Structure formats: structure tokens, C-alpha cells
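Here's the letter readout for the chains.
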Amino acid sequence: MSDAERLAAQLAGYVETWWQAIGDLTALLDALPEEAWAMPTDLAGWDVKAVASHAAHLESLLAGGPEETADIGDPPHVTGPMGQYTEIGVVARRDRSPASIIEEIRTTTAARHQTLLDDPPTDPAAPAPGIFGLIGWTQKTLLRNRPLDVWMHEQDVRRAVGRPGGMDSPAAQHTADYLSEAFGFVVGKKVAPPAGTTAVLAVEGSPVVAVEVDESGRGQRLADVPARPTARLAMDRETFIVLAGGRRAAAPGAVTIEGDPDLGAAIVAQLGATP
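Below: a short report on this structure. From a predicted model like this one, the values you see are computed outputs, not experimental measurements. (Residues numbered from 1 in each chain as written. Predicted model: local features only at pLDDT ≥ 70, side-chain atom pairs only at ≥ 80, totals over all residues. Heavy atoms only, no water.)

1. Overview of the overall build of the protein
Argument step 1. A tally of helices and strands in the protein yields 10 helices and 5 strands.
Argument step 2. The C-alpha radius of gyration of the protein comes to 20 Å, within 12% of the 19 Å expected for a compact globule of 275 residues.
Argument step 3. With respect to the principal axes defined by its C-alpha atoms, the protein has extents near 55 × 50 × 35 Å.
Argument step 4. Summarising the internal contacts of the protein: among those between residues at least 6 apart in sequence, 66% fall at separations of at least 24.
Argument step 5. Accessible surface computed for the protein: about 13000 Å², of which carbon and sulfur atoms make up 53%.
Argument step 6. Of the side-chain charges in the protein, 22 are positive and 37 negative, and the distance between the mean point of each set is 2 Å. (Helix = DSSP H or I, 4+ residues; strand = E, 2+ residues; numbered from the N terminus. Rg over C-alpha atoms; globule rule 2.2 N^0.38 Å. Contact = heavy atoms within 4.5 Å. Areas by Shrake-Rupley, 256 points an atom, 1.4 Å probe, with all protein chains shown as cover. Lys, Arg positive; Asp, Glu negative; His and termini not counted. Charge placed at Lys NZ, Arg CZ, Asp CG, Glu CD.)

2. So, a nonpolar patch on the surface
Argument step 1. Taken together, the side chains of Met-82, Leu-134 and Ile-135 define a hydrophobic patch exposed on the protein surface, amounting to about 340 Å² of accessible area.
Argument step 2. Its place among the elements puts Ile-135 in the loop between helix H5 (130–134) and helix H6 (139–161). (Patch = residues over 30% accessible without salt bridge, like charges linked within 9 Å, V, L, I, M, F, W, Y side chains within 5 Å. Salt bridge = Lys/Arg side-chain N within 4 Å of Asp/Glu carboxyl O.)

3. Focus on the nonpolar core
Argument step 1. Leu-29, Phe-183, Met-235, Phe-240 and Ile-267 are the most contacted members of the largest nonpolar core, which has 59 residues in total.
Argument step 2. The leading source of residues in this core is helix H1 (residues 3–30), at 9 residues.
Argument step 3. Excluding residues that lie within four positions of it along the chain, Met-235 makes contacts with Leu-201, Ala-202, Val-203, Glu-204, Phe-240, Leu-243, Ala-254, Val-255 and Leu-271. (Core = buried A, V, L, I, M, F, W, Y, C linked by side-chain atoms within 4.5 Å. Buried < 20%, exposed > 50% of the residue type's maximum accessible area, 1.4 Å probe, protein only.)

4. Comments concerning the pattern of salt bridges
Two side chains of opposite charge can pair, provided their charged atoms sit close to one another.
Argument step 1. Within this structure, the stated rule accounts for 13 salt bridges.
Argument step 2. Ionic pairing is found between Arg-158 and Glu-154, a salt bridge with its closest N-O pair at 2.8 Å. Here Arg-158 and its partner Glu-154 are both found in helix H6, 4 residues apart, which amounts to about one turn of the helix. Summarising the burial analysis for this pair, Arg-158 and Glu-154 share the class buried.
Argument step 3. With a closest N to O distance of 2.8 Å, Asp-156 and Arg-247 form a salt bridge. In this pair, Asp-156 sits in helix H6 while Arg-247 sits in the loop between helix H9 (237–244) and strand E5 (256–259), placing the two residues 91 residues apart along the sequence. Each of the two residues, Asp-156 as well as Arg-247, counts as buried.

5. Regarding the sheet that holds strand E2 (residues 209–213)
Argument step 1. With respect to topology, 5 strands assemble into an open sheet ordered E3-E2-E1-E4-E5, the strand pairing being mixed. The open sheet has two edge strands, strand E3 (219–221) and E5, and neither has a second partner. For this sheet, the mean inter-axis angle between neighbouring strands, taken without regard to orientation, is 20°.
Argument step 2. In this sheet, strand E4 (residues 231–235) lies alongside strand E1 (residues 198–203) in parallel orientation, the contact comprising 5 bridges. Bridge pairing links Val-203 to Met-235 in E4.
Argument step 3. Along the sheet face, helix H8 (residues 183–191) touches E1, E2 and E3 and points at about 25° away from the line of E2. (Pairing = 2+ DSSP bridges. Axes fitted to C-alpha atoms, helices over the stretch in contact; angles between N-to-C directions.)

6. Regarding the packing of aromatic side chains
Argument step 1. For the structure on display, the rule yields 2 aromatic pairs.
Argument step 2. Between the aromatic rings of Trp-18 and Trp-19, the centroid separation amounts to 5.8 Å while the plane-to-plane angle is 45°, which identifies the pairing as tilted.
Argument step 3. Each ring, one from Phe-132 and one from Trp-137, has its centre 5.6 Å from the other, and the planes form 35°; the classification is tilted.
Argument step 4. According to the relative accessible area criterion, Trp-137 is partly exposed, its value standing at 21%.
Argument step 5. The ring of Trp-18 has Arg-112 sitting right over it, with the charged end atom 4.8 Å from the ring centre.
Argument step 6. We note Arg-144 situated over the ring of Tyr-178; from NZ or CZ to the ring centre the distance is 3.9 Å. (Phe/Tyr/Trp six-rings, centres within 6.5 Å; stacked < 30°, edge-to-face > 60°. Lys NZ or Arg CZ within 6 Å of the ring centre and 35° of its normal.)

7. Concerning helix H10 (residues 261–269)
Argument step 1. Buried within H10 we find Leu-263, Gly-264, Ile-267 and Val-268. For H10, the angular spread of buried residues about the axis comes to 140°, placing them on one side. Looking at H10, the residues exposed on the side facing more than 90 degrees away from the buried face are Pro-261, Asp-262 and Ala-269.
Argument step 2. With a side-chain oxygen positioned 2.9 Å from the backbone nitrogen of Asp-262, the residue opening H10 is Asp-260. (Arc of directions from axis to C-beta. Polar contact = N/O pair within 3.5 Å; in protein donor to acceptor, adjacent residues only side chain to side chain.)

8. A word on the packing of H6 against helix H7 (residues 170–180)
Argument step 1. Packing of H6 against H7 leaves a shortest axis separation of 9 Å and a crossing angle of 110°. Between H6 and H7, the angle is such that the two are roughly perpendicular. Read as a crossing pair, H6 and H7 show a hand that is left-handed. Touching Arg-144, Asn-145, Pro-147, Leu-148, Trp-151 and Met-152 of H6 are Ala-171, Ala-172, His-174, Thr-175, Tyr-178 and Leu-179, all from H7.
Argument step 2. In the contact of H6 with H7, the residues fall into 8 nonpolar, 3 polar and 1 charged. (Parallel < 35°, antiparallel > 145°, perpendicular 65-115°, else oblique. Left-handed = near helix turned anticlockwise from the far one by under 90°. Nonpolar A, V, L, I, M, F, W, Y, C, P; charged D, E, K, R; others polar.)

So this is what it looks like as C-alpha cells:
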């Protein structure tokens, strides 16, 4: 397989994982009673309906829908330009029924999926379409991010309504592995321990990640996992997701720390790294 074919296959894999994640999200939303749509999620200021509305908004834009406008007011949970932008989709759908939001997600994603099948993206470095390209994203960044975003929001809904599941899907694997890649940045730049510090992240179901802080303060990935790192963190996938996604604190005892307990606790506190 040539490099070009390999890159095209990688992008096609992201598309397929996103498409499966969309199916899982809409099936979950279909199964909810209407009163569940008012349940608060871990995302400040957003209930289940807001999460679904956000998904509908972004997928509509990606399918070629028009930019939306809405007066979002001054909600306390909106703290920056990106938050202001995403809030537009939530406010614009505030008076819509749950069924219509689900139908919008299904319709727009089906159209986009067909487009991606008919004309598959082949250049990962090409600018992403629309607003995503304007903020500097490439096709690879966008296509890789969409399964993560959709699956993370599926999990937001599941926690809100008390329906756990979906932890072994392709999108779950994709998201956990993707977020694990930020471990070096978390250790080196966010925690910033001395050079020579080693740290290991062992998330159930994902490859173990080991890093060492170099003289410039970067957490460099190690090819081999050290037998006695400065700190080693182990946890299940759901615990890692809520921490890395900045959703909530881990349940008591959910993270096992070996080695330096203070360093381990500092890493846990800084794990939030959702792209």
C-alpha cells in the first residue's frame, strides 16, 4: 500500500467510526422519554436537549447547511468565543421538539455520509470545510475529531440519564486512544515536573503510554515502559474519559497511583485535554 493509499484509508476509517457513533447516539436519543431531555449533563449549563442540539448544529453545518444566528444573551457557562459559537445551535433549537432534533441529526449526517462515500477525502492536510477550516483545522483534524465529539456527547447523555453503555464501541476505542496521546503534554507542560521525571498512563483497553520530561520541559513519548516510573496511573476507560474530557472528578478509588503520590495526584488534576 502506498503512502497516499494508507492516508486515504486512515481518513475512511475515521468516517466509518463517526458514522457508527452517529448511529449509537441517535439510537440512544430515540430511546429516551421526553422528560429525560431536561436532565442536566456534566457540561455546565447544558441539559440533554442542549447536547443533542449542539450535535445537530455541527452536523448540519458539515452537511452544507447555512450558518445560524441567535441571540444567546450572557449565560454564565459561556466563557469564550468557541462557547459563544456553539451556544448558537443550542438556542436556535430551544423550541424544537426532541423528535425533530433527532430527525435533523439523522438527515444531515446521512447526506454527509453519502457525500463522503461518493467523494472520499484523500488529502489529510487539505483545509477542513467551513468554519473548521477558518480556525485552522485540516481534513484529518476534522475527521478524527468528529467520532470523538459525537461519542463524548453520547456518554454525556448516558451519564445524565443513568444509562451506562457504549464503552466498547469503535468510537470509544478511538476516543480513549486519541485522548491518551495528550499525556505527554499534560505531564510536561501542565504539571511541569523536573527534567527526568517519568510517568506512565495505563487505561484499560488502550495502549500503555509512557513519557519522560526532557530538558526543555516536554513530555517525550518513550518506546519502552519503564519498570519503575516516577508515577504510574491506572484506571478504567470511563474514569479516563470523564477526567480527560474535563467532565467530572473520578470516583473515589477509581485511579490507582504508584510511585510519587503527589505527582500522580497532580497529573490526575490536569488530565483534561479534550481537543
